[in-house]
Structure formats: C-alpha cells, structure tokens
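Given next are the chains, with one letter for each unit.
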Amino acid sequence: MAATRNKVKRTGRRRPSRTGSKAAGGRSRRQREARQIRHREGFGDGYREGVQSGLQSYPILFEGTSIVIPTYNQLNLVKPCIESIFDHTDLPYEIIVVDNASTDGTAAYLQDLGGQVRFRVLEKNLGFAGAINVGMMMSKGSTIVLLNNDTLVTENWLDNLLACLNSDETIGMVGPMTNYISGEQKIDVPYTDIADMPAFAKEYNQSNPSKWRRVDRLTGFCLLFRRELFEAIGYFDEGFEIGNFEDDDYNIRVRLMEKSLVMAQDTFIHHFGSVSMKALGDRFQEVNDRNQQYFMDKWRNPYEWIQQVRSQLALTQGIPLHAASFFPERIVVQGIGANYYWVEQGQRRLVEGSITFPAVRLSQIDLKRWPLGDPISVQEVEARWRGLDGASGWESGVAQLEDGTLFYAENGKARRIVSASVMRSWQLHLKPARTISVEQLAEAEEGLPIIAPPALKQVL
C-alpha cells in the first residue's frame, strides 16, 4: 500500500508544461528586449539633450585657467600630476585630461574622479599635438596652460606665471623653470629625493618681476598663454608625429604675431622628463629626425621670417596680426562641413557648385577669421583660381625668380612663400607660375610672408 502511495505521489507530481516554459521564456526575452529598447531610447534622448546643452554652453567661458594635460599609458604619473594641481592651485581653474587611447586603466581612473576633471578618451593615439588640440578645443578658461603629465606643480606656480603674463599685453607665452629639460629653463636643484622638492619649490617660488626674461624659445612641458593668443594662432601642427618640435613650431608662430616668449625665473615645477619619448626606445631617434625634417621643410630659416615681419610692421597699419595675416588669398578652403569657400579681399564666400581642384581643409578657428561674404559661382571661382579672370602682373598668381625663390602675387604685393612645403600645403603648386626677374620683383610692394596652416589629422 505504501508502494502504491509512493507511486501515486510520483505520478501525481505536476511537471512544468513545455509549452508554458517556452511562453515564460518568450515573455522574459520580450521583457529584456523591451528594457533594452527603453534603455536605448532613454540614452538617445539623454545624449541629444546633452549635445544641445553642450552647444548652448560651448561659447560660455570663465575667468580662470584651463589646464590641459595630454597622457598616454602613464597612469602612475598623471595621478600625482593631478593631485599636485589640487594641492597647489588656489586660483580658479579647470583640469582637462586628454587620453591618447591608453590601455593602463587611465580612462577608469579619470571616470572615478567623479567630475573633478573634464576628460576625453580618444579612440587612437593622436600624439602630443593631437591631444593638446582636443584639450584646447574643450577649454573654457580665459587663460590656458599646456602641462606635461610627467610634472608636479608647486606652491604659487600659477599665481607667479599669471603675474608675469598679465604684466604686459605683448607677452605671448610664459614658461617656468625646472630640473630636467633641454634649453635655458633647466636649473640645478639641491634635492635628490622627490620628497624634498616641495620645500625647495616653496622657497624658490617668490614672485619677482626682475627674474622675468624674454627668450627665443620656450619648451612645451608647461606653457601659459591667453585664450586670445590661441584664437589668433590656432592649433598645434599635427604633422609632428608623437612628439618633439611641435612646441618649436608654435613658438615661431607666436613670435610672428609680434608676441614675446618669457621665461619666468621666479617659478619652478618638477619635471620627471621625456618619459613618453624615452618609452619609444630605439624608435626615438627615428621620430626625432622625422619631426626635425618636417620642421625644416616647413620653415627653412624661421628667424628670417620673424625679422622680415618686424621690418614690415608699417604694413599692418595697426591691425592686430593673426594666422590669416600669413595665409594666401584667391584659394578655396573647407571647414568641418561639406561647404567650400573662396577667400579673397579678406572674406570667405560660399562656392555654389563643385570645384575641380583640391581645397585646403582648415580648422573652424582658422576658417572663421574671414567674415562671410556673398556666395560665388563655381565658374567664377575656377576662372579666378586658374588666373583666367584677367588679373595680371602682381594682382594674382605664383612668381619665381631664376634662383627658385617663390613669391605669391596678391593685390599688388609680392609675398614670399616660405618653402616648397608651404606651396603644397595651400595647393599653390597646382596654380600657373611665371618666372620673373629681380627688376620685375622690385616693381611690387613687399607683403607679409606666406606660411603653412597647421596640419590636422582630426576634424576641429
């Protein structure tokens, strides 16, 4: 009888219906899919709202300093760098970290800071110049500091640098002294243990205008400048791959604007020194040589152009210089979008139609230096670009002396083209050229030299 009861119990147990199980699984799957759809929709709504909020707030600046720090696989250095800023900066500031696609947990660290810094994690390594450019694009401060991640800032560092910068509007950039760098900014220090560095820096960092000195070059481990300088000069040249010489290039462009470089000998920050470049190992020399060649191809003798501009100050007629003062006209340029613009007489005009020659891509900050004029037909642009509009003599076109020296004819002026690299950067090598004599050159007024725009590997 017991056996029968046991049998009844076994046979009487209800098994889950296979049909019901499928139905429950289907409901569960549909619920998950519905949740995923709601999440995507909510995320999309939030993203769009964030974009609109960002667009509305983008032009809003603050009276303070944007500290831009590029980094790549150096979490052990960027942490103490940021902490030193927290500890030793009392003036209004924001920290912007641009991570060059690190794989060492840098992105997670920046996320964990919970809004104490603004940051951008790039999808690939854009090098020092590329990361700096992203940071400057993101910056909101009235002044900007470009700071290496292998540095430690010190007591009164920013106060002293700002005092120097604000002492004279002709000062373009200011840099501090340090323990490890090439050039005049290196000093001997008494400490061998980093724990002793803050005490030395505190004593050293006593603001003293007599210790501010104008120099020909500032190295890029720490550079302070006004936002107006950035807006006048534009971005760093990303043709300098990984790092080295991009700061030298920017120095030249600052000096072409008739702005000074000043070494603040009353300010010290610690620099561990060229960590990113040392990490290249055997590739360091290759990268350095390539960037040096790029610099020489672009500038040839940059100090010649600085001296020429100084001798031509009367040509500016008191109008402040900016990057477009050194760009050619009668060219076609393109910004972020698909539109093409014809540049002439200090204006950019929307080209109506498709051009048959290459345009020059510029950043938005460069493009907007020319105010927008009336649209122009592609037929007229083609004729003017190719010199088929009747312009002659020193009105338009490329001219070359027998020794190969290049000039650009523009509105009665002969403008020296700095190098063949500059010719290519503006597509001027595709324009018709004529050979001239020294006597013919003397008929034209001397104009400001033409330099290359910064090469960009990203849309800015």
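Residues take numbers from 1 onward in each chain, read along the sequence in its written order. Thresholds applied to this predicted model are a pLDDT of at least 70 for local features of residues and 80 or more for the giving and counting of side-chain atom pairs; totals over whole chains, interfaces and linings are not thresholded and use all residues. The side-chain figures draw on all heavy atoms in the structure; neither hydrogens nor water molecules are used.

**With respect to the overall build of the chain**
Link 1 in the chain: Secondary structure is summarised from DSSP: a helix means a run of H or I of at least four residues, a strand means a run of E of at least two, and numbering begins at the N terminus for each. The secondary structure content of the chain amounts to 17 helices and 20 strands.
Link 2 in the chain: Burial statistics for the chain: of 460 residues in total, 48% are counted as buried.
Link 3 in the chain: By definition, residues are in contact when any of their heavy atoms lie within 4.5 Å. Counting only contacts in the chain whose residues sit at least 6 apart along the sequence, the fraction spanning at least 24 positions is 78%.
Link 4 in the chain: To be clear on the numbers: accessible area is Shrake-Rupley with a 1.4 Å probe, and residue cover counts the displayed protein chains and nothing else. Accessible area for the chain stands at about 23200 Å²; split by element, carbon and sulfur atoms hold 50% of it. The cut-offs for exposure are 20% and 50% of the maximum accessible area for each residue type, with area from a 1.4 Å probe on protein chains only; residues under the lower value are buried, those over the upper are exposed, and the others partly exposed.

**A closer look at the pattern of salt bridges**
Link 1 in the chain: Salt-bridge detection follows one rule: a side-chain nitrogen of Lys or Arg within 4 Å of a carboxyl oxygen of Asp or Glu. Per the counting criterion, the structure on display carries 21 salt bridges.
Link 2 in the chain: Between Asp-188 and Lys-186 there is a salt bridge; the shortest N-O distance is 3.8 Å.
Link 3 in the chain: With a relative accessible area of 68%, Asp-188 lands in the exposed category.
Link 4 in the chain: Relative accessible area serves as the criterion here: at 40%, Lys-186 is assigned to the partly exposed category.
Link 5 in the chain: We note a salt bridge from Arg-384 to Glu-344, for which the minimum N-O separation is 2.6 Å. Of this pair, Arg-384 sits in helix 15 (residues 378-385) while Glu-344 is found in strand 12 (residues 340-344), placing the two residues 40 residues apart along the sequence. Comparing Arg-384 with Glu-344 shows no difference in burial state: the two are buried.
Link 6 in the chain: Within this structure, Arg-330, Glu-344, Glu-380, Arg-384 and Asp-389 form a network of salt bridges that share partners.

**A short note on the packing of aromatic side chains**
Each aromatic ring pair is characterised by the separation of its centres together with the angle its planes make.
Link 1 in the chain: Classification of ring pairs rests on two measures: the distance between centres of Phe, Tyr or Trp rings, Trp counted by its six-membered ring, which must be within 6.5 Å, and the angle between planes, read as stacked under 30 degrees, edge-to-face over 60 and tilted in between. By the definition in use, this model includes 13 aromatic pairs.
Link 2 in the chain: On the numbers, 5.9 Å between centres and 50 degrees between planes, the contact of Tyr-191 with Phe-200 is tilted. The burial state of Tyr-191 is the same as that of Phe-200; both residues are buried.
Link 3 in the chain: The interplanar angle of 85 degrees and the centroid separation of 4.8 Å between the aromatic rings of Phe-240 and Tyr-294 together place this pair among those described as edge-to-face. Here the residue Phe-240 occupies a position in the loop between helix 8 (227-233) and helix 9 (246-256), and Tyr-294 occupies one in helix 11 (residues 284-299), the gap between them amounting to 54 residues.
Link 4 in the chain: For Tyr-294, a relative accessible area of 27% gives the class partly exposed.

**Details of the pairing of strand 3 (residues 118-121)**
Link 1 in the chain: Of the strand pairs in this sheet, strand 2 (residues 93-99) and strand 3 are connected by four bridges, and their pairing is parallel. In the strand pairing of strand 3, Ile-96 is matched with Arg-118.
Link 2 in the chain: Handedness of a crossover is defined as follows: with both strands directed away from the viewer, a clockwise route from the first strand across the helix to the second makes it right-handed. In terms of handedness, the path from strand 2 via helix 4 (residues 106-112) over to strand 3 forms a crossover that is right-handed. Strand pairing is assigned whenever DSSP detects at least two bridges linking the two strands.

**Re the packing of helix 9 against helix 12 (residues 302-311)**
Link 1 in the chain: Only the stretch in contact is used when fitting a helix axis, every axis being a line fitted to C-alpha atoms; angles between N-to-C directions are given from 0 to 180 degrees. Helix 12 packs onto helix 9 with a crossing angle of 15 degrees between their chain directions and a minimal axis gap of 9 Å. Relative to helix 12, the element helix 9 lies roughly parallel. Handedness of the crossing formed by helix 9 with helix 12: left-handed. Residue-level inspection shows Ile-252, Arg-255 and Leu-256 of helix 9 in contact with helix 12, the latter providing Pro-302, Tyr-303, Trp-305, Ile-306, Val-309 and Arg-310. The cut-offs work like this: below 35 degrees is roughly parallel, past 145 is roughly antiparallel, 65 to 115 is roughly perpendicular, and the gaps in between are oblique. By definition, any crossing whose near helix is turned counterclockwise from its far helix by less than a right angle is left-handed, and any crossing with a clockwise turn is right-handed.

**Things to note about the sheet that holds strand 18 (residues 413-417)**
Link 1 in the chain: The sheet built from five strands is open, its strands ordered 19-16-17-18-20 with mixed pairing. Since the sheet does not close on itself, it has two edges, and those belong to strand 19 (433-435) and strand 20 (445-450), each with one partner. Here the average twist between neighbouring strands, direction ignored, is 35 degrees.
Link 2 in the chain: Of the pairings in the sheet, the one linking strand 16 (residues 396-400) to strand 19 comprises three bridges and is parallel in character.

**Examining helix 5 (residues 127-138)**
Link 1 in the chain: Helix span is expected to be 1.5 Å times the residue number reduced by one. Its twelve residues place the ends of helix 5 17 Å apart at the C-alpha level, agreeing with the 16 Å of an ideal helix rising 1.5 Å per residue.
Link 2 in the chain: The element helix 5 is extensively covered by neighbouring structure, given that eleven of its twelve residues are classed as buried.
Link 3 in the chain: By the burial criterion, the buried members of helix 5 are Gly-127, Phe-128, Ala-129, Gly-130, Ala-131, Ile-132, Asn-133, Val-134, Gly-135, Met-136 and Met-138.

**Comments concerning the side chain of Glu-246**
Link 1 in the chain: With respect to the helices and strands, the residue Glu-246 is situated in helix 9.
Link 2 in the chain: Here the positive residues are Lys and Arg and the negative ones are Asp and Glu; neither His nor the chain ends is included. We note that Glu-246 is buried and unpaired, the nearest opposite charge coming from Arg-217 at a distance of 8.5 Å.
Link 3 in the chain: The residues touching Glu-246, leaving out its near neighbours within four places in the chain, are Phe-128, Ala-129, Phe-236, Asp-237 and Phe-240.

**Looking at unusual backbone geometry**
Link 1 in the chain: At Glu-258, a residue that is not glycine, the phi angle is positive and equals roughly 65 degrees.
Link 2 in the chain: Counting through the fold element by element, Glu-258 comes out in the loop between helix 9 and strand 9 (260-268).
Link 3 in the chain: Residue Glu-258 is classed as partly exposed on the basis of its relative accessible area of 28%.
Link 4 in the chain: The residue Arg-330 is not glycine, and still its phi comes out positive at about 55 degrees.
Link 5 in the chain: Position of Arg-330 among the secondary structure elements: in the loop between helix 13 (313-316) and strand 11 (331-334).
Link 6 in the chain: Judged by relative accessible area, which is 7%, Arg-330 ranks as buried.

**A few points about the side chain of Lys-431**
Link 1 in the chain: Checked against the element boundaries, Lys-431 lands in the loop between helix 16 (420-425) and strand 19.
Link 2 in the chain: No salt bridge is formed by the buried Lys-431, whose closest oppositely charged neighbour, Glu-410, lies at an N-O distance of 8.0 Å.
Link 3 in the chain: Polar contact is the term for a pair of N or O atoms within 3.5 Å; when the atoms are in protein, one must be able to donate a hydrogen and the other to accept it, and sequence-neighboring residues count only if both atoms are side-chain atoms. A distance of 2.6 Å separates the side chain of Lys-431 from the backbone oxygen of Arg-330, its partner in a polar contact.
Link 4 in the chain: Apart from the residues within four sequence positions on either side, Lys-431 is in contact with Arg-330, Trp-385, Val-398 and Tyr-408.

**Here we look at the environment of Trp-305**
Link 1 in the chain: Following the sequence through the fold, Trp-305 ends up in helix 12.
Link 2 in the chain: Taking the C-alpha atoms as reference, Trp-305 lies 7.5 Å from Leu-256; in sequence the two are 49 residues apart.
Link 3 in the chain: Residues in contact with Trp-305, not counting those within four places in the same chain, are Leu-256, Trp-299, Arg-416, Val-418 and Pro-449.
Link 4 in the chain: There is a polar contact of 3.0 Å between the side chain of Trp-305 and the backbone oxygen of Trp-299.

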